[in-house]
Every structure is written in structure tokens, then in C-alpha cells.
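The residues making up each chain are set out below.
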Amino acid sequence: MAGDLWIGGGGSTAVATSELFDDARRLGGVRDILSDCLGRIGRIDRLVAGARLRAVDAPFGAFAAERAMDDAASAIARAAPAADGLRFALIASAHSYGIGEAVAERLAQDVAGRLASLLGMVLPAILVEALPWMLGIGGAAAIGVALLPADRRTALIAAVPGFLREHSAALSDPRVVELVRLSVMSADDFGGGVLHLPPGVGRALGDEGLGILGLATSSGAVVALARPTGALAETAVSVRRFGASAPSTPALSYSDRAARVPQGTAQVRIDRYSQAGQPNRFEVYVGGTRDFSLEPGAEAWDMTSNVTAMAGAEAGSYRAVSMAMADAGITPSSPVILTGYSQGGLIAAELAASGDWDARGLYTLGAPAGQVAVPADIPWVAIEHTDDIVPAVGGTWATADPVLVRRELFDGGRAPTDVLLPAHQLDGYRQTAALVDRSSEHRVVSAIEGFDRFGEGSTAVEATLYYGTRVAASGTGPGG
Amino acid sequence: MESSPIPGTMTGYSARAQLAESLRGQLSGLQTLAGELAEARATLPDPGGGRQWRGDAHRLYRHALEQLFTLVQSASIRVDDAIQDTRHALAGLGNDGG
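Residues numbered from 1 in each chain as written. Chains lettered and ligands numbered in written order. Predicted model: local features only at pLDDT ≥ 70, side-chain atom pairs only at ≥ 80, totals over all residues.

Asks: Outline the overall build of chain A, supporting the account with residue identities and numerical values.
Replies: Looking only at helices and strands, chain A has 15 helices and 11 strands in total. In terms of overall dimensions, chain A is more spread out than a globule: its C-alpha atoms have a radius of gyration of 29 Å, far above the 23 Å expected for 480 residues. (Helix = DSSP H or I, 4+ residues; strand = E, 2+ residues; numbered from the N terminus. Rg over C-alpha atoms; globule rule 2.2 N^0.38 Å.)

Written out as C-alpha cells, the structure reads:
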């Protein structure tokens, strides 16, 4: 059983379920109707005055009707403010919850940072103490595996991915996901501890303070450490059209846009909206990671791009999308809406934040983009599953304030183990996008109305797919 | 029973005819009002919802919603009563020749 939508952000402190916001909207509607009713019953009552009834010796029914209307007016007069009071209480509770959640997140990050700093200070000493034991246990295990017959050794190694998948339920536990988010945000504090920086200095420079050190610094350090081994090394990229352009229709709704995110070989889709007498407009859709290996190969949507993008540098996939956009005729003054899933969402957010494009909207699904400082004047709707570890890897939403829609995909149920990260699958996000379409919460409604107006007046829409590859390590890639 | 005319204005007969006209206006207004109250009832949130939040706050909220429903429902019932009474009054005036 999947959970309800939790909606927050977008310049408001209110955080609550979509159902609660819907209740508040309904209660506002009831209040308006009852206020109208109260006015109406007063006008009706004035049509026939009691004195007049007595003067003409009216039938008993007319007097009884007067009494019934007085009772009805009294009930309506009590119900209208009651509906308004309940609506106000719901909205106030949403704001209180949002403020409480923000304070709790801040406190949790502060505590996690202090613990990470402490761990960074003492871990080297612990490692020195434990190293002989670790070498002994590790060596014994390695010898044990090496002594196995070749076929059993091969079978053991082949069984590892399946074992990890079958025991991956913990990766879909919202508590683990939050722990990962805090750990990621505390990596800089850990580094500060290793360097024996005073905790106060580390916090002042880190996410909790000036924000000079943070997730980007930690990711950059990972890239720098991995580079001598050849892992996570950026390369040049090239991009080519994948098949012929095809006629399409303007995107309407969150689910429609989620459905347009490419999943196959092509990683980018660009829809060009032609409008009479107006410059072309574009919607750009960027897909998720295709290759999870650390060694860069032909695929530009790989872990190298992921880590490089999180380090705040220009990832191969970022450059590939930029090249595709230029090829599609998008100029710095072309209005564009960016949509992306997973790594594609991170890249879309970085493109919007770059200031190089006239971004009119941003829509991300399961993107580790919490630390991307997208300007507040770009409407941004971010959907993330609270049991999906990938957005958590992007850290907290400290530097941007999108309309954040959260949902626990496997709330109350057991996450499937046929894939490693079941809550991160694009199909699940497409289901959630369909739920967002049905929400009446004003922030998500207002944002999608703006997105959908983008394509109004288009005389033609043409969709083109693009395929980006790494040049240094790639072959020719699939044909277009 | 024959009613007395209102002095200086109209005869008893025309006063009852005018009352009948006013009651017909009242009946029409009450029917519209009944529709609006039905709409208000249908718009009210489901007291059985709120699966995601539990505890005292949810119980209080549900109780308040039920009270609100009762108020709207009682207003609705009394408006229906007023409609029936107005119809009876109009019928009475008709029998009297009004």
C-alpha cells in the first residue's frame, strides 16, 4: 500500500499530506457556500414578515415555515464559522508541522555533523588499532575463497549481486534513507575531524554555517582520490540525434512529462514548440543513470557524471545535454522547461541554476539535487520517494526551496527485491506523478498551470531524441 | 375564517393573494437553499479520512467534522421542513380562495 503525498516548500512553511490540504480547500468551499446560504435565508425570511402573517390570518403552515427557517438560519450561522475555524486549524497545523520538521532536520544535521567530526578525529586511531585484526579476518576470508574449487568460486561471486538484491529491503527503509541523507551532509564534518579542525571551525565553514564546505567539497574529494586509479575521470563527450524527429503534442500534466523522460538508449528528448510570430519554445527531458560502473566507458550517463555533477563540476552528461540543446536550436534567450529523472534531474537542476538558459520551469523526479542552488524565480517541482535512497544522496534541501512532493512508495508493504532500488524506478515515479496530477493543493496546481501554459498557442510540436557518448573511451554508439 | 383587510391599503382578498405570491417566492428561494446545503454537505471532507495522521489531534478533527456535518444536516432538515410548511400554507391559501 503506497502512502499519501506530502507537500511542502515553494516559499511556504506549510507541510502536510495532500489529503489534509484537500480537506482545508473543501472546508473553505463549505464556508463560502454556507455564507451564501446565510445571506439567502435572510432574504427569504424578509419576503414574509410575521406581523403580515398575523394580519392576514395566514394558514398555520406559513408560521411553521417561519420557525423552521429561523432554526435553519441559526444552524447555518453556527456552521459557517465552524467550517472556517477548522480550515484555519488545518492550515495552522501544516505550518506548525513544517516549522517543526525544519527545526528537527536542522538539529539532526547539527548532531550528525558533530558525531561525524568526532568520528573523523578518532577513526584513524581506531583503524591503527584494528588494522591487524581486519587484515587477519580479511586475509582469512580471501584465502578461503581462493581455496574454493574454481566453479564454486565463480558461483559464489556470481551470487553476490543476487544476495545484495534479496537483502536490499534496508535500502528502501525511510529511516535508512534519512540516515544516508544526514551522513552525506556530514561527510565534510568527518573530513574536518580527520584533519583535526576544531569542531567550531568545521561547522562554521560547513553546511551548518557558511556553506563553503559541503557535499560538493566531499564529492570533489572523492573524484580527486579516485582519479589516479582511472575511476570517475571525466572525458570529452559527443552527442548525436537518435532517429528522426517526430511530431508530438504539447506536454500537459506532471504524468505526461514524466512519461516523456527517455528510458532506452537515448538519454535526452527535446520537444520544440513552434508558435506563430514568436520564438520557438522548448521542453527538455533528461533520463537517469545508464551505467553504474566507476570506470568511464562509452556511456555518458554514468557514475562519473553523477559524482562530478554532485561535486558541482561540469559532468559529461551535463555537457552532452548542453550540446543537444544547442543542436536543437535552443539559445540563451529561448524559453525552456527542464524535466529530469535521477541523474537527469540533477543535470536539469544544474542547467537551470547555471543562468546560461532561459529556464521557465524545472521538474525533477528522484533527483539528488537538494544542494543545487536553483534561483527562486524558476518554478521548481521536485518529487521524491521517502524510501528512495538516491535523492538522499543529494543531501538536504538547504539551498533551494522547490515545491517538494514526497511519498513513501512502499508504505505499509514490503519493497520488492527484484531490483536493487525498487523505490527509485521511473515507473514508480510515473505513478506518483499521476497522483500529483490529482492533487488540488494550490502549490502543485499553480506550478502545473504555469508549465501547461508554456505550450499554449503552439502550431506544431516536434520531438527529437539525443544520444550522448564519452569520446575518449567510446566507440561509435548505436546508429541514429 | 375571513381575514380582515389591512386598513387603508388593500382588501383582505388582495392581501392574501399577495401573501400567496410572497410564499411562492419563499418556496422557490428555499428550494435553491436546499440545493446549496446539499452541495455544502457533499463538499465536506470525509470524517473517515486522515489515514496518515493519528492520535488525539486526528480524533478531535474527526469529532469537529462530525459536529459540522450535524449542523449542516440539521439546517438541511429544517429547510426541507420549511419547504413542506410553505407548500401547506400555499395549499391553505388556495382553499381559502387566495
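Asks: Give me the interface of chain B and chain A: which residues, what numbers.
Replies: Taken together, the contact pairs 43 residues of chain B with 40 residues of chain A. Contributing elements (two or more residues each) for the side of chain B that touches chain A: helix H1 (12-43) and helix H2 (56-95) of chain B. (Contact = placed C-beta atoms within 7 Å.)

Asks: Report on the packing of helix H1 (residues 18-47) of chain A against helix H3 (residues 60-147) of chain A, specifying residues and quantitative values.
Replies: Residue and element names in this part refer to chain A. Where H1 meets H3, the axes come as close as 8 Å, and the angle between the chain directions of the two elements is 155°. As judged from the angle between their axes, H1 and H3 are roughly antiparallel. Here H1 runs over H3; the crossing is left-handed. The residue makeup of the contact of H1 with H3, split by class, is 21 nonpolar, two polar and five charged. (Axes fitted to C-alpha atoms, helices over the stretch in contact; angles between N-to-C directions. Parallel < 35°, antiparallel > 145°, perpendicular 65-115°, else oblique. Left-handed = near helix turned anticlockwise from the far one by under 90°. Nonpolar A, V, L, I, M, F, W, Y, C, P; charged D, E, K, R; others polar.)

Asks: Describe helix H12 (residues 343-354) of chain A, with residues and values.
Replies: Residue and element names in this part refer to chain A. A rise of 1.5 Å per residue sets the reference length of H12, with its 12 residues, at 16 Å; its end C-alpha atoms lie 16 Å apart and thus fit the reference within 8%. The element H12 is largely enclosed, with a buried count of 11 among its 12 residues. Among the residues of H12, those classed as buried are Gln343, Gly344, Gly345, Leu346, Ile347, Ala348, Ala349, Glu350, Leu351, Ala352 and Ala353. Tucked into the core, H12 has its buried residues touching strand E6 (278-286), helix H10 (303-310), helix H11 (316-327), strand E7 (335-341) and strand E8 (358-365). (Expected span 1.5 Å × (residues − 1). Buried ≥ 20, exposed ≤ 12 C-beta atoms within 10 Å, placed from the backbone.)

Asks: So what about the nonpolar core? Which residues, and what values?
Replies: Residues and elements named next belong to chain A. If you look at the biggest cluster of nonpolar residues, it comprises 140 residues, and the most contacted ones within it are Ala72, Ile76, Ala79, Val268 and Ala349. With 17 residues, H3 is the single largest residue contributor to this core. Setting aside residues up to four positions removed in sequence, valine 268 forms contacts with Pro262, Val284, Tyr285, Val286, Val321, Ala324, Leu465, Tyr466 and Gly468. (Core = buried A, V, L, I, M, F, W, Y, C linked by C-beta atoms within 7 Å.)

Asks: Can you tell me about H11 of chain A, naming the residues and giving the values?
Replies: Residues and elements named next belong to chain A. An ideal rise of 1.5 Å per residue puts 16 Å on 12 residues; H11 measures up with 16 Å between its terminal C-alpha atoms. Counted residue by residue, H11 has nine buried out of 12 residues, so it is predominantly covered. For H11, the full list of buried residues reads Gly316, Ser317, Tyr318, Arg319, Ala320, Val321, Ser322, Ala324 and Met325. Of the surrounding elements, those touching the buried residues of H11 are strand E3 (237-241), strand E5 (268-275), E6, H10, H12 and strand E11 (458-470). A positive backbone phi angle near 95° is found at glycine 329, which sits one or two residues after H11.

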